[in-house]
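# Per-entry structural report
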Amino acid sequence: MKALTAALALALLVSACGGDPERPRTSAGGGHSAAATGGTPTPGGPEPTSCPNGGQLIKAVEIPAVHADPVHIPEAKVGGQTVPAVTVPGVDIPAQRVPAQCVDIRPAPGGCLSAVTIPATSIPEVRVPGAKIPGVNVAGVKAEPVRTPEVVSAAVHQEQVHVDEVCQSKPKQEGEYVSSAYRSSAYRSSLYRSSAYRSSLYRASACNDKHECIPEVRIPSINVPPVKIPPVSVPSAALKSYTAGKSQVLKGDGRIAYNIEADVLFDFGKADIKPAAVAELAKVAASIEREVPATATVQVDGHTDAKGDPATNQALSEQRARAIVEWLATRGGISRDRLKATGYGETKPVAANTKPGGSDDPGGRAKNRRVVISAKQH
């Protein structure tokens, strides 16, 4: 097979299913106040307005304030005695807010499907204070007190939902069959806080035998409406099976990756692109133009084998990644501000550098010397 049809990498399979911790991150009148606790703020800063890595934005939920005016019961004279004025306090329940959140999509190496985390969420408690119309027993006028208790709608909480990264197996040799991989969907159920309703109060008018009366009193009901947070769903994803070769294109989880063996691109230990590599790079650039949105970042990762010292290998991997970025920017028609180069040195092998007995494995080292170009497809 001619090296490099444009490929997503055996080498990309490097980090297998544990994630890629070394991958840099590239680049929200006397009234009562009812108790109302705000939603949990987004840790570390303002609420998000967009989410990295294609993560879904979960919109904030606004819970409006509720207000009820105080009720004033005027002073009354009965049988020469004074029934004092009373004010039944009003109610002010401040507005509440469930903050916006992001579904966390973790960057995954080629051959892997990203881990997904839908964060936990809560709707805070709300309390409507109780109320009382006092009783009267003066000069033959008698009216019993009327009360309504405090009403509480308890806080509700939904735990986070997490689906682990899933990776295909790492092929050990060309011609090996690599089975498909499947990541299940992630679903956080809707969340509901019931309404808080305090019923109205009524104290009837009352008179004595001299027709001296106190007026009726009415206190309106108070209703805090229910609150609902919609469900959040992240669909399942899959990677197709394939037969390992010197180079492949791998698609899955909304990404495309090209794996190119470094020996196709560079002389051993060098970072100058060989003239013979131009045709292969042109194929990759043309594929990126067809397959990748014009604004998507194109990641170029350099890898080496373990021959030599780690510092030299790290520097060489960075130089090779930059060389490919330079070619794609100057000859591949890809805007430079979309390109990002990262070197991993010998830290992410896709094959053993030595045989089980400890002797050198040139075939394994050849697989580890590679450049991986990847981008999001949507």
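Computed from a predicted structure; not experimentally measured.

With that settled, consider the overall build of the protein. Secondary structure assignment for the protein yields 4 helices and 43 strands. When each of the 378 residues of the protein is scored for burial, the buried share is 45%. When the accessible surface of the protein is totalled, it reaches about 18600 Å², and 52% of it is carbon and sulfur.

A separate point is the state of the cysteines. Each disulfide is one covalent bond, formed between the sulfur atoms of two cysteines. On inspection of all chains with the given rule, the structure shows 3 disulfides. A disulfide bridge connects C112 with C167, and the sulfur atoms are separated by 1.9 Å. Between C112 and C167, the disulfide has an S-S torsion of 105 degrees and is therefore right-handed. One end of the pair, C112, is in strand β13 (residues 112–113); the other, C167, is in strand β24 (residues 166–167), and 55 residues separate them in sequence. For C112, a relative accessible area of 6% puts it in the buried group.

With that out of the way, let us pick up the sheet that holds strand β14 (residues 116–118). A sheet is described by the order of its strands in space; here 3 strands give the open sequence β12-β14-β23, paired in antiparallel fashion. This sheet does not close on itself; its edge strands, each paired only once, are β12 (104–105) and β23 (161–163).

Now for the pattern of salt bridges. Inspection of the entire model under this criterion finds 11 salt bridges. For D305, the salt bridge goes to R369, with nearest N and O atoms at 2.7 Å. Highlighted residues: D305 in the loop between β41 (298–303) and α3 (310–330) and R369 in the loop between α4 (362–368) and β43 (370–376), separated in sequence by 64 residues. Side by side, D305 and R369 carry an identical accessibility label, which is buried. One salt bridge in this structure joins E326 and R336, with 2.8 Å as the shortest N-O distance. Remark: R336 occurs in the loop between α3 and β42 (339–343) and E326 occurs in helix α3; sequence separation between them is 10 residues. One salt-bridge network, held together by shared partners, links D263, D305, D360, R365 and R369.

A few words on the nonpolar core. Judged by nonpolar contacts, the single largest core of 27 residues is most densely connected at L265, I288, V300, I324, L328 and I373. Here this core takes 6 residues from α3, the largest share from any one element. With residues up to four places along the chain from it excluded, the contact list for I288 reads Y258, V298, I334 and I373. Among the nonpolar cores identified, the runner-up in size contains 10 residues, and A68, V126, V128 and A196 belong to it.

Basis of the calculations
Residues numbered from 1 in each chain as written. Predicted model: local features only at pLDDT ≥ 70, side-chain atom pairs only at ≥ 80, totals over all residues. Heavy atoms only, no water. Helix = DSSP H or I, 4+ residues; strand = E, 2+ residues; numbered from the N terminus. Buried < 20%, exposed > 50% of the residue type's maximum accessible area, 1.4 Å probe, protein only. Areas by Shrake-Rupley, 256 points an atom, 1.4 Å probe, with all protein chains shown as cover. Disulfide = S-S within 2.5 Å. Pairing = 2+ DSSP bridges. Salt bridge = Lys/Arg side-chain N within 4 Å of Asp/Glu carboxyl O. Core = buried A, V, L, I, M, F, W, Y, C linked by side-chain atoms within 4.5 Å. Contact = heavy atoms within 4.5 Å.

Distances and angles like these do not, on their own, reveal function.
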